[in-house]
Structures are given as structure tokens and as C-alpha cells.
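# Structural description and commentary
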Amino acid sequence: MGSKTILNNYGSFDVTFVRGEGSTLYDSNSKKYIDFLSGIAVNCLGHGYKPLVDAVSAQAAKQIHICNYFTSDVGNAYAESLLAATGFSGVFFGNSGAEANEAAIKLARKYGYLHGGEKRRVIYTLESSFHGRTLATLTATGQEKFHPPMFAPYVADMKTIKAGDFDALKTAFDETTAALLIECVQGEGGVNVLDKAWVQAAAEAARKAGAIVMADEVQTGMGRTGTLLASEQLGFNPDVVTLAKGIAGGVPMGACLYRGKAADVYAAGDHQSTFGGNPLACAAAQVVLTTVNTPDFLLAVREKGEYIRRQIASWGASCVTEVRGLGLMIGVDIKEPVKAVEVETQLLAAGLTTSTAGKNTLRIVPPLNISQAEIDEGLAILHSVLSAF
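A brief look at the structure comes next. Since the model is a prediction, treat every value here as computed from it, not as a measurement.

Before going further, it helps to spend a moment on the environment of glutamate 188. One can find glutamate 188 in the loop between strand E8 (185-186) and strand E9 (192-193). Sequence-wise, glutamate 188 and arginine 363 are 175 residues apart; in three dimensions their C-alpha atoms are separated by 8.8 Å.

Have a look at this one:
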């Protein structure tokens, strides 16, 4: 039975999971599910991954948390590894994607203030983007459905621009612009893959106006799209990158990385987090980085994603109109009048976890190390349910 005491802000299904092995989950009735969701791209190494379990267990026995007035050996080591792998010069650790994006937004505001005074405070995001559930990150989210009047007033000086609109770039940015924040693949907005040429043009236009360029890689980072960072594939060299979700394999963690013009913006006291970058999270994150950041692993992510997209496209199912994505971040558009949530519900009943990304898109984000056998078993369930529709 689902919990009757936890606030159900999530519209949760009445399924209680009790354990997992690899990319397979088991509920309280011992029913088996293939995991094509991985906690919404969080459990990037699946369930029960031994090196991760061992690292977390060993670190818990030594030290779980210390005050950030001090540093930890494991935290220092992980920060150095992450910066070396990504090419950034500094990092702020938090606990979630919203917190990482909040750190980026504050950094952008201070950057604007230092390089233009009170007038340089506008932050541009993209239409259909999603950046979090705090008031600032909700405002930054480029979808009106996330801006209901009961939470107003929203944060001032947030504007949106439509991805792919080259004409808009001619007039969007000026001396009031502090930053452009780009969600590299729009997850919640429908798993929309951005046009590389437009992203590069947008970044160039923003920089020409004196702004910094930031990438929201909360969902796309840490190998999800087949490169360590999706911004590598888009080629726009962001000054700030935000990470979370899969960064620590399921242990809550977020990160805001910075370099170049953004490197010396924050000073002591500007932004803090009680739990951010604690030793337990850093120990887990080190395992994820070490595992994911190899050419063979990233190639396998790309190949698995191509295989899944190719298989779904080959079915010619009457209710699927498009399959797209990068790596193991995949969107499947469902033909109306069938709703994606109806497909999601039937898939869960058949033993496959997925999620929706908007009204008509089914989102597939399995563990990055999912086996071929689990992929095929999950695809068989998906094919059966789609065929029924």
C-alpha cells in the first residue's frame, strides 16, 4: 500500500518498492519491474551496484557529515576529480538540481551587478525549459503551467527566448542581460534536443552583450547523453554548469561548476548549504565519476540509446508519432487522443517503470549500465502496451 502520511504532491502510484537489482525493481508484493526510469535519471548505476554500495558503507562507518566550516578528505579529492574531468576551475556543492540552479542564478545576479550595476540583472532561459521548484527556479522555468497565481509574485527580471529562433537573438540580449541559462536537453518540456547551431549562436550573442552563459545539466550531465556533459555535444563552452540527479548515483547531491568570467564571482558567505558536499555524498559521487567517465562506458550509453530509439521506431506503432533523444535520455511522443499518462499507467501495471514529460511524451531514462537483457525485456513490455493502444 502507498503511504497515507507522506504528502502526495507527486500524484504517486499505489506501488511500494522494497528492493532493486541492477535495472530491475521489486515491489512489496514481489512483483518484478524493469526500470526505465531510474528515479528520473538519478540511479545512473542502477540498484545494488557493488562498488557504490561498498563506498557508501565504508564512508558511513568513517564519517557521514561535517560542517562546511571545514573540509573533508573525500570532499577535496572528489572536487579535484570532478574539476579535472569537466575542465572547470571551481565548484559549489548542494543537495539537488533546484539548489544547484539556485546557486547559478545567484551567481549570475552577482556577476551582473559587478559588471553593470543594478541594471544588469536579467536572466534569459528557454521556452519549454524546466529548472526546479524553488520560487527562483520556477520563475526561470519557461512553461506557464509552472507559474500558477497562488505562488505569485515570482522573481523579477527573468525572461524567456524560444530555442531555434535565430531572429530573436538579434534583439534579445543587451546591457541589462546578466546571463543566458540553457537546459541542454529539455527533459520536463518533452525531451527536446536543441539545435547545435542555434545554441552556439545564442551563446555568442549573449557573450557579445556582456553576459555569462550557463548550462543546466541537472538531468543531462554525468554521462546521461553519452558524453560526460551534454554541452560537449552542443559545443558552446558554458561558464557555469549545474549538475544533480545522477551525480551521486542516488545519494542526494547537486553541484554548480564555474570557470572563466564566472570563476571569481562568489565570495565567502554569498551562498551556503548545510548538507552540501558532505563526505557520504562525495564518496558516492566519486564512484559514479570513476565508473561513467571512460570512453567505453560513454560509447555504450550512446549505443544503448540508439538501439532503444531504433527499436521503437521500427515498430511503426500507430500511437507513436516520434522518437528522439541523446544517449539514454529518450522521448516517445504519443499520438492523440491517447495521453502519455495512460500509457505510463498501463506500462507500470505490465511491469515497466517510465514517466511522462508533458501531456504527450513518454520519457525513458534507464540506468546507464542497464544490461541488454533488461533493455530487451523492457522493450517487449513497451511494445505490447503500445500495440494494445
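Let's shift gears to the nonpolar core. Counting residues in each nonpolar core, the largest one holds 85 residues, and the members touching the most others are Tyr78, Phe93, Phe173, Phe236, Leu243, Met253 and Leu382. Here the element with the most residues in this core is helix H8 (residues 279-292); it accounts for 9 residues. Discounting chain neighbours no more than four positions away, the residues touching tyrosine 78 are Phe93, Ile247, Met253, Cys282, Ala285, Gln286 and Leu289. If you look at the next biggest cluster of nonpolar residues, it comprises 20 residues, including Phe92, Ala179, Met214 and Ala262.

Using the criterion set out here, one finds 4 aromatic pairs in the structure. Arginine 19 extends its terminal NZ or CZ atom over the ring of tyrosine 26, reaching a point 4.1 Å from the ring centre. The positively charged end of arginine 259 is found above the aromatic ring belonging to phenylalanine 88, 3.8 Å away from the centroid.

For the coordinates displayed, the defined rule picks out 11 salt bridges. Among the ionic pairs, glutamate 21 bridges to arginine 19, the shortest N-O distance being 2.6 Å. Glutamate 21 gets classed as partly exposed once you look at its relative accessible area, which sits at 44%. A salt bridge links arginine 363 to glutamate 188; the nearest nitrogen and oxygen atoms lie 3.2 Å apart. Here arginine 363, found in strand E17 (residues 361-364), pairs with glutamate 188, found in the loop between E8 and E9; they are 175 residues apart in sequence, far enough to count as distant. Several salt bridges share partner residues, and in doing so they unite Glu322, Arg324 and Asp333 into one network.

With 18 residues, helix H4 (residues 97-114) extends 26 Å between its outermost C-alpha atoms, agreeing within 8% with the 26 Å of an ideal straight helix rising 1.5 Å per residue. Residues of H4 that are buried: Gly97, Ala98, Ala100, Asn101, Ala103, Ala104, Ile105, Leu107, Ala108, Tyr111 and Gly112. Among the residues of H4, the N-terminal cap falls to serine 96, whose side-chain oxygen and the backbone nitrogen of glutamate 99 are separated by 3.1 Å.

Our next topic: the side chain of threonine 354. Topologically, threonine 354 is positioned in the loop between strand E15 (352-353) and strand E16 (355-356). With residues near it in sequence (within four places) discarded, threonine 354 still touches Phe36, Leu37, Glu344, Leu347, Leu362 and Arg363.

Our next topic: unusual backbone geometry. The bulk of non-glycine residues show a negative phi, and the bulk of peptide bonds are trans. Here the bond from alanine 152 into proline 153 is cis, since omega is 0 degrees, no more than 30 degrees from zero. Looking at the element boundaries, proline 153 is found in the loop between helix H5 (135-140) and strand E6 (158-161). With an omega of 10 degrees, the peptide bond running from glutamate 336 to proline 337 counts as cis. Tracing the chain through its elements places proline 337 in the loop between strand E14 (329-334) and helix H10 (340-350). Phi is positive for serine 30, close to 65 degrees, though the residue is something other than glycine.

Every buried residue of H10 is accounted for by Ala340, Val343, Glu344, Leu347 and Leu348. Projected down its long axis, H10 carries its buried residues within an arc of 135 degrees, all on one side. Summarising the contacts, the buried residues of H10 are in contact with strand E3 (32-35), E14, E15, E16, E17 and helix H11 (372-388). Phi turns positive, to about 100 degrees, at glycine 351, one or two residues after H10.

Moving on, we come to the sheet that holds E6. Ordered by their spatial adjacency, 7 strands build an open sheet running E4-E12-E11-E10-E7-E5-E6, and the pairing between neighbours is mixed. The sheet is open, and its two borders are formed by strand E4 (90-94) and E6, each paired with just one other strand. Geometrically, the sheet is characterised by an average inter-axis angle of 20 degrees between neighbouring strands, direction not taken into account. Where strand E10 (residues 212-216) and strand E11 (residues 240-243) come together, 3 bridges link them in parallel fashion. Its bridge partner lying in E11, aspartate 216 is registered against threonine 242. Packed onto the sheet, helix H6 (residues 196-208) meets strand E5 (122-126), E6, strand E7 (177-183) and E10 and runs at close to 165 degrees relative to E7.

With that settled, the discussion passes to the sheet that holds strand E1 (residues 17-21). Sheet architecture is open: 4 strands sit in the order E1-E2-E3-E15, paired in mixed fashion. Strands with a single pairing partner mark the edges of an open sheet, and in this sheet they are E1 and E15. In terms of strand pairing, strand E2 (residues 24-27) meets E3 through 3 bridges, oriented antiparallel. Bridge pairing links tyrosine 26 to lysine 32 in E3. Sitting on the sheet, H11 is in contact with E1, E2, E3 and E15, with an inclination near 105 degrees to E3.

The rules behind the values
- Residues numbered from 1 in each chain as written.
- Predicted model: local features only at pLDDT ≥ 70, side-chain atom pairs only at ≥ 80, totals over all residues.
- Heavy atoms only, no water.
- Helix = DSSP H or I, 4+ residues; strand = E, 2+ residues; numbered from the N terminus.
- Core = buried A, V, L, I, M, F, W, Y, C linked by side-chain atoms within 4.5 Å.
- Buried < 20%, exposed > 50% of the residue type's maximum accessible area, 1.4 Å probe, protein only.
- Contact = heavy atoms within 4.5 Å.
- Phe/Tyr/Trp six-rings, centres within 6.5 Å; stacked < 30°, edge-to-face > 60°.
- Lys NZ or Arg CZ within 6 Å of the ring centre and 35° of its normal.
- Salt bridge = Lys/Arg side-chain N within 4 Å of Asp/Glu carboxyl O.
- Expected span 1.5 Å × (residues − 1).
- Polar contact = N/O pair within 3.5 Å; in protein donor to acceptor, adjacent residues only side chain to side chain.
- Arc of directions from axis to C-beta.
- Pairing = 2+ DSSP bridges.
- Axes fitted to C-alpha atoms, helices over the stretch in contact; angles between N-to-C directions.

By themselves these figures say nothing about function.
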